[in-house]
Amino acid sequence: MSDRLRNDTQRSLTTYNHITYFLYVISYFTAGLLWIVPIVMNYAKRHDADGTWLATHFDWQIKTFWYSIVWFIVGIIIITFAFGGFGVSMLADSGNIAIGSVLLAGVGLLIMTFTFIWHLYRIIRGWIALTDGRPVP
């Protein structure tokens with residue numbers, strides 16, 4: 001592959017990554033509905049970046065997406081369990097059980113909040129590295 005073609009491909013993939021980072025940020029304003037678009041885009045072009053520093057950005061975004069989804073679902077499951085959503089009535093007549101339910105729901109909410117902040121941090125960190133022309137770890 002010629003240097004010019006390689007540079008054009010790299011420039012194109014860099015722009016592509018800027019778009020996917022942008023879509024991840026915009027997804028916060030669409031209640032996460034746009035999350036699926038950048039992950040599909042990342043999988044579609046992932047192999048085009050093999051052997052370049054841009055491959056780290058594709059992997060970074062893919063891992064960020066999947067870990068965020070898993071931990072967010074864990075938080076939702078804990079909250080649902082805490083409030084009896086699985087047929088386990090935690091909010092029984094006993095005041096101690098009700099306090100336990102609220103505390104357990106708080107743990108689920110903390111997990112979801114941490115996941116939200118962690119996801120935003122990784123998107124910002126990755127986008128800054130991309131802008132600087134650096135790979136992400």
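As a reminder, the structure under discussion sits directly above these lines.
Residues numbered from 1 in each chain as written. Predicted model: local features only at pLDDT ≥ 70, side-chain atom pairs only at ≥ 80, totals over all residues. Heavy atoms only, no water.

**Describing the layout of surface pockets**
Keep this limit in mind: Buriedness for pockets is judged along seven lines, at least five of which must meet protein on both sides within 12 Å for an open set on the 1 Å grid over protein atoms alone, while cavities are sets there where a 1.4 Å probe fits but cannot get out, and lining residues have an atom within 4 Å of a point. Grid points are joined across faces, edges and corners, and a volume is the space filled by probe spheres set on the points. Helix and strand definitions here come from DSSP, where helices need a minimum of 4 consecutive H or I residues and strands a minimum of 2 consecutive E residues; each element is numbered from the N-terminal end. Any residue that is not Ala, Val, Leu, Ile, Met, Phe, Trp, Tyr, Cys, Pro, Asp, Glu, Lys or Arg is counted as polar, Gly included; the first ten are nonpolar and the last four charged.
Roughly 260 Å³ of volume is contained in the largest pocket. Considering the residues around the largest pocket, the lining is formed by 13 residues, among which Ala31, Gly32, Trp35, Phe72 and Phe116 are closest to the centre. Every element with two or more residues in the lining of the largest pocket is listed here: helix H3 (55-82) and helix H4 (95-131). It is H3 that contributes the most residues to the lining of the largest pocket, five residues altogether. The residue inventory of the lining of the largest pocket, partitioned by class, reads eight nonpolar, five polar and no charged.

**Quick look at helix H2 (residues 36-45)**
As a reminder, the rule being used: Per-residue accessibility, obtained with a 1.4 Å probe over protein chains only, is compared with the maximum for each type, and a residue is labelled buried under 20%, exposed over 50%, and partly exposed between these values. The arc refers to the directions leading from the helix axis to the C-beta atoms.
Looking at H2, one finds that the buried residues are Pro38, Ile39, Met41 and Asn42. One side of H2 holds all its buried residues, which, seen down the axis, span an arc of 160°. Facing away from the buried side of H2 by more than 90 degrees, the exposed set consists of Ile36 and Ala44.

**Quick word on the packing of H2 against H3**
Two quantities define a packed helix pair, namely the angle between the helix axes and the distance between the axes. We count it as follows: For every element, the axis is a line fit to its C-alpha atoms; helices are fit only across the contacting stretch, and the angle between N-to-C directions ranges from 0 to 180 degrees. Any angle between 65 and 115 degrees counts as roughly perpendicular, while under 35 counts as roughly parallel, over 145 as roughly antiparallel, and the rest as oblique. What makes a crossing left-handed is the near helix being turned counterclockwise from the far one by less than a right angle; a clockwise turn instead makes it right-handed. Throughout, a contact is declared for two residues whenever any of their heavy atoms are within 4.5 Å.
Where H2 contacts H3, the two axes come as close as 10 Å, and the packing angle between them is 140°. With respect to H3, the element H2 is oriented oblique. Helix-helix and strand crossings are classified by hand; for H2 and H3 the assignment is left-handed. In this structure, H2 uses Ile39, Asn42, Tyr43 and Lys45 to contact H3, whose residues at the interface are Phe58, Gln61, Ile62, Phe65 and Trp66. Among the residues forming the contact of H2 with H3, the class breakdown is six nonpolar, two polar and one charged.

**Details of the pattern of salt bridges**
To be explicit about the condition: For this analysis, a salt bridge means a side-chain nitrogen from Lys or Arg found within 4 Å of a carboxyl oxygen belonging to Asp or Glu.
Scanning the entire structure with this criterion turns up four salt bridges. With its nearest N and O atoms 3.1 Å apart, the salt bridge here joins Asp8 to Arg11. On the criterion of helical spacing, the pair formed by Asp8 and Arg11 is a turn pair, its members being three residues apart in helix H1 (residues 3-26). What makes Asp8 partly exposed here is its relative accessible area of 29%.

**Considerations on the side chain of Arg122**
Test applied: The convention is simple: Lys and Arg are positive, Asp and Glu are negative, and His and the chain ends are not counted.
One can find Arg122 in helix H4. One buried charged residue, Arg122, remains without a salt bridge, the closest side chain of opposite sign being Asp59 at 9.6 Å. Ignoring any residue separated from it by four or fewer positions in sequence, one finds Arg122 in contact with Trp60, Lys63 and Thr64.

**Things to note about the nonpolar core**
Under the convention used in this document: Put simply, buried Ala, Val, Leu, Ile, Met, Phe, Trp, Tyr and Cys residues joined by side-chain atoms within 4.5 Å make one nonpolar core.
By size, the foremost hydrophobic cluster in this structure holds 19 residues, and its most contacted members are Tyr24 and Ala49. Secondary structure elements with two or more residues in this core: H1, H2, H3 and H4. Setting aside chain neighbours within four positions, we find Tyr24 in contact with Trp35, Pro38, Ile39, Asn42, Gln61, Phe65, His119 and Ile123.

**Structural notes on a nonpolar patch on the surface**
Applied cut-off: For patches, a residue must show more than 30% relative accessible area and have no salt bridge; joins then use 9 Å for like charges and 5 Å for nonpolar side chains, namely Val, Leu, Ile, Met, Phe, Trp and Tyr. Calculation of accessible area relied on Shrake-Rupley with a 1.4 Å probe; when residues are assessed, cover is drawn exclusively from the protein chains displayed.
A cluster of nonpolar residues, Ile36, Val37 and Val40, forms a patch on the protein surface that exposes about 240 Å² of accessible area. Take Ile36: it is sitting in helix H2.

Remember that the coordinates give geometry; whether it matters functionally is a separate question.
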